[in-house]
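These are the residues of each chain, in order.
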Amino acid sequence: MAPSVAEARVETVVPIKTNLAAADDKPKVRRAIDEEGGQSTASYPHYLPTWDYSQKYPPLEPFTHIDHGKDADPSFKDLLPEGSTIQKLTPTIGSEVTGIQLSKLTPTAKDQLALLIAQRKVVAFRNQDLADLPIQDALDFGVYFGPHHIHPVSGAPEGYPEIQLVHRTGNVWETDEYISSKNSSVSWHSDVTYEKQPPGTTFLYLLDGPEVGGDTLFADQVEAYRRLSPALQERLHGLKAVHSGVEQAEFSRQRGGHVRREPIETEHPVVRTHPVTGEKALFVNSGFTRRIVGLKREESDALLSFLLAHISRGIDYQARIKWAPKTVVVWDNRVTAHSATLDWTTGERRHLGRITPQAERPYETPYVPEDRKRQA
């Protein structure tokens, strides 16, 4: 998950030990070092995060996104063959699948995967081999769903900036330092929504995790929109909000981090339309949404505060994913928000890799009341 300013303290903390090249060395590379007797304790040491200070990237270029879910077979016969199982976690969001191997999917099955994720919002796939593949093979799998997003500040495996890493140990002192300023570790966000074309179908896979704890929560932004009164739904249409990466970059610089690409601010509709399902979803989040365009500051703050609280407290449209070895979680970043939980203090490592294909620029379609849509 891309760290917002708040969650960066949880997900990309400075490693316990680091190796930063001397000032006159080029390039400078900071690495997470975790060794005992010359051996790393990480299950996947080649996935430990690095920060290459020589990496600088230009602004992202626009592209035409092709969503493979549009023409996919809704029977999912290629994705979910006989012998596989799929179980819903909640009525509106979340499913769990066993009996298939994502890395072996045909293009037709990948199309159906895109459709399934659009419909169910987040799906956990168990007993996957994605983490065991060569990193380039994992990237080759993910690029089918869109060009890879390179995160501007997060650590990445050496030589593979397209992989964004979540890495922390559950040291008590780190937990105490983080929790001392707030009442919980919950930090709802959608990834890097400040980009002009934010991510869509997103893959996160476990490398190491605590035996208990460190779950990820997901909120259904479609259902959150549907729960609003028709009058408020209609008022939100046409509004745009500013999403900013400036604070995230500044936070990284303040702690000695590296910013690979200069931050931007982008205006996106407050309500966006999914290109496959046609569903409308709230598109604001506490990580990156700063203000609503055209409203006075007090008005913007009040409306955003209400919408963010509405999303965060909606336990009847949220799903909780429990991590287990060999798990890959796939979600649609366009219509969900998520938050990690910092609830273990046993010192166990929580280490995950993320593949983040970009999608279309957010857009909205005209407001249509729910009852009119049902009659159409």
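Everything below is about the structure shown above.
On a predicted model such as this, the values are computed, not experimentally measured, just so you know. (Residues numbered from 1 in each chain as written. Predicted model: local features only at pLDDT ≥ 70, side-chain atom pairs only at ≥ 80, totals over all residues. Heavy atoms only, no water.)

Draft legend 1. The overall build of the chain, seen in detail. Helices and strands together make up the secondary structure of the chain, namely 9 helices and 20 strands. Here the chain, with 376 residues, has 56% of them falling under the buried criterion. Taking all contacts inside the chain whose residues are at least 6 apart in sequence as the whole, residues at least 24 apart take part in 81%. Element-wise, carbon and sulfur atoms account for 52% of the exposed surface of the chain, whose accessible area totals about 16100 Å². (Helix = DSSP H or I, 4+ residues; strand = E, 2+ residues; numbered from the N terminus. Buried < 20%, exposed > 50% of the residue type's maximum accessible area, 1.4 Å probe, protein only. Contact = heavy atoms within 4.5 Å. Areas by Shrake-Rupley, 256 points an atom, 1.4 Å probe, with all protein chains shown as cover.)

Draft legend 2. Structural view of helix H2 (residues 107-120). Compared with an ideal rise of 1.5 Å per residue, which puts 14 residues at 20 Å, H2 spans 20 Å between its outermost C-alpha atoms and is within 8% of the ideal. Summarising burial for H2: 11 of the 14 residues are buried, a large majority. Of all the positions in H2, only Ala109, Lys110, Asp111, Gln112, Leu113, Ala114, Leu115, Leu116, Ile117, Ala118 and Arg120 are classed as buried. Buried residues along H2 sit against strand E6 (85-88), strand E7 (95-98), strand E8 (122-125), helix H3 (135-142), strand E10 (201-208) and strand E18 (328-332). After H2 finishes, the residue Lys121 shows a positive phi value of roughly 75°. (Expected span 1.5 Å × (residues − 1).)

Draft legend 3. Quick peek at the pattern of salt bridges. Following the criterion strictly, the structure yields 23 salt bridges and no others. A salt bridge links Arg334 to Asp67, with the shortest nitrogen-to-oxygen separation between them at 2.8 Å. Taken as a pair, Arg334 in the loop between E18 and strand E19 (336-340) and Asp67 in the loop between strand E5 (50-52) and E6 lie far apart in primary sequence, 267 residues in all. The exposure class of Arg334 is buried, given its relative accessible area of 2%. (Salt bridge = Lys/Arg side-chain N within 4 Å of Asp/Glu carboxyl O.)

Draft legend 4. Spatial organisation of the nonpolar core. Judged by nonpolar contacts, the single largest core of 35 residues is most densely connected at Leu102, Leu113, Phe125 and Tyr205. Considering each element in turn, this core owes the most residues, 7 residues, to H2. Beyond its immediate sequence surroundings of up to four residues, Leu113 is in contact with Leu79, Leu102, Leu105, Phe125, Phe141, Phe145 and Phe203. Ranked by size, the runner-up nonpolar core spans 21 residues in total, among them Trp188, Leu217, Leu239 and Val284. (Core = buried A, V, L, I, M, F, W, Y, C linked by side-chain atoms within 4.5 Å.)

Draft legend 5. Summary view of the environment of Thr85. Residue position: Thr85 is located in strand E6. By relative accessible area, Thr85 is classed as partly exposed at 42%. Between the alpha carbons of Thr85 and Glu96 there is a distance of 8.0 Å; along the sequence they are 11 residues apart. Among the polar contacts listed, one links the side chain of Thr85 to the side chain of Thr98, at a separation of 2.3 Å. (Polar contact = N/O pair within 3.5 Å; in protein donor to acceptor, adjacent residues only side chain to side chain.)

Draft legend 6. Structural view of the packing of aromatic side chains. Evaluated as defined, the whole model comprises 8 aromatic pairs. With a centroid separation of 5.5 Å and an interplanar angle of 80°, the aromatic rings of Tyr144 and Phe145 are classed as edge-to-face. Residue Tyr144 is classed as partly exposed on the basis of its relative accessible area of 23%. Judged by centre distance (5.2 Å) and plane angle (55°), the rings of Phe145 and Phe203 are tilted. In this pair, Phe145 sits in the loop between H3 and strand E9 (164-169) while Phe203 sits in strand E10, placing the two residues 58 residues apart along the sequence. Across the pair, exposure class does not vary: Phe145 and Phe203 are buried alike. (Phe/Tyr/Trp six-rings, centres within 6.5 Å; stacked < 30°, edge-to-face > 60°.)

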